[in-house]
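# Analysis of the macromolecular model
Here are the chains, one letter per residue:
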Amino acid sequence: SDDESARWEIIGAFARWTSFWVVLFYVLGFTMPCLAGWILQSSKAHENNRHWAARNVLGIVHAVIVCGLILPPLVIMLNAPDNVRFGAADFLGTCASATYPDYNRTGQAIALGGLVFSAFIFADVVISMLHGLATLDYYVHHAVFLVAGVIIRGHCMLPLNAAILLSMEASTPFLNFMLLFRNRGPRYTFAVRVTGILFVVLFVAFRLALNTYGAILLWRSRDFAYPDGVPRWQSMFLLGAVQVGSALQFYWFPAIAKTFGKGILELFSGSAGKTSSKNGSTANGGRPAGMEKAADSRKGNGSRSEEGLSKAKVS
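Every value quoted in this text rests on a predicted model; they were computed, and no experiment measured them.

## Looking at empty space enclosed by the protein
Tallying each qualifying case throughout the model produces two cavities of 30 Å³ or more. Roughly 30 Å³ of volume is contained in the second largest cavity. Lining the second largest cavity are Ile 152, Leu 158, Asn 161, Leu 165, Leu 218, Leu 238 and Val 242.

Written as C-alpha cells, this is what we have:
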C-alpha cells in the first residue's frame, strides 16, 4: 500500500540521518586533538575528553539545523487557521496536503525537522552508551522524546505543536558553547557571559512562554487535534507529555534563574575575576560560580547537551 511504502521511506530517511549524526560525531572527535593548540585546556578533566567535547559541538550543529528548518515555518503556523495547525497530511511520505496545498512547504519543513531531531536523539543514545556519557534518567528522557517524535512524524500531525516543541532547541547552542568554554580561562569570560545571558533569555521565550502557549492550545483543542485513526494511547501520551513537559520547565526555572542570575550579576559587577569563594567567584578564569553550579547541576558533570537540561520536555 501507499502508506506502507511511505513508512519504509521514513525508516530509510531516519537511518540515513542517524548515520549522519554518528559519523559527524566521530569526525568531530577525531579533529578535536588538532584544536588543542587553539583552545585552552579546561580545568575540569572530563571537559578535555574529545568525545565529551565532540558531543557538545554535535549538539550545537544539530540545534542550528533544526532551528533553521523550524523557526520560519513556526511563524507561519502561528498565524494559520486551526484546520491547518491541527491538521494531518494526506500523503504520509512527504507530509503534503491536498486540502491545504499552500502550507505544504511549511508542513514538510516541520516534518523534516522532526525527523532530523528524532534521528539525532537515537544517535545520541548510541553514542552515549558507547562512551559512557549519560546516566539512566538521560536514557529515559530520550526514550520519551523518541516515542513522541515517532508518533507525530508517523501520522504527519500537529504541525504547530511540533514546531513549538522543536523550537526549544534555540537555546541549545548558547548553553553548549558556555559549557565548552566556561572552565578554559579568562580569554573566554566575555563569551561565556554573553552566551549565558542569551541562554536564559531564550529559555524564557521558547521554553516558558511559547511552550506554555502550545501546551494550553493543545489541551483546549484535544477533542479535534488528532486525525482519525490515531490510537487513543498515542494521543493521550502526547497530550500528557506536552503538559508535564511544560510544567517541568517552570519547576526548573527558579534554580536556573537563581544560579545564572547570580553569575551574570557577578560578571557585570566586576567581581568575576576575584578568587574568593565567598563572593561567588572562582579561580578558573574568573568564571562565576553561579553559572558553574547551574550548568553542573543540570548537566550531570557536564556530560549532557541541552536535552539533559530539560529532561522532560517533548520535542
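## Some remarks on the nonpolar core
Grouped together as the largest cluster of nonpolar side chains are 49 residues, with contacts concentrated most on Trp 21, Leu 58, Met 157, Leu 158, Leu 218, Tyr 226 and Leu 238. Among the elements of the structure, helix H1 (2-31), helix H2 (50-78), helix H4 (104-131), helix H5 (136-155), helix H6 (159-167), helix H8 (189-220) and helix H9 (232-269) are those that each provide at least two residues to this core. With eight residues, H4 is the single largest residue contributor to this core. For Leu 158, the contacting residues outside a window of four places in its chain are Arg 85, Phe 86, Gly 87, Leu 218, Ala 225, Tyr 226 and Leu 238.

## Some thoughts on the environment of Trp 17
Locating Trp 17 in the fold gives a position in helix H1. A relative accessible area of 24% places Trp 17 in the partly exposed class. The spacing of Trp 17 and Val 116 is 99 residues in sequence and 6.3 Å in space, taken between C-alpha atoms. Once you skip the residues sitting within four places of it in the chain, Trp 17 turns out to touch Leu 112, Leu 115, Val 116 and Ala 119.

## Overview of H5
In this model, H5 (20 residues) spans 29 Å end to end at C-alpha, consistent with the 28 Å of a helix rising 1.5 Å per residue. Listed as buried for H5 are Tyr 138, His 141, His 142, Phe 145, Ala 148, Gly 149, Ile 151, Ile 152 and Arg 153. A positive phi of about 50 degrees marks Cys 156, the residue just after H5.

Scoring rules and cut-offs
Residues numbered from 1 in each chain as written. Predicted model: local features only at pLDDT ≥ 70, side-chain atom pairs only at ≥ 80, totals over all residues. Heavy atoms only, no water. 1 Å grid on protein atoms, 1.4 Å probe; cavity = no way out; pocket = protein on both sides within 12 Å on 5 of 7 lines; lining within 4 Å. Points joined across faces, edges and corners; volume = space filled by probe spheres on them. Core = buried A, V, L, I, M, F, W, Y, C linked by side-chain atoms within 4.5 Å. Buried < 20%, exposed > 50% of the residue type's maximum accessible area, 1.4 Å probe, protein only. Helix = DSSP H or I, 4+ residues; strand = E, 2+ residues; numbered from the N terminus. Contact = heavy atoms within 4.5 Å. Expected span 1.5 Å × (residues − 1).

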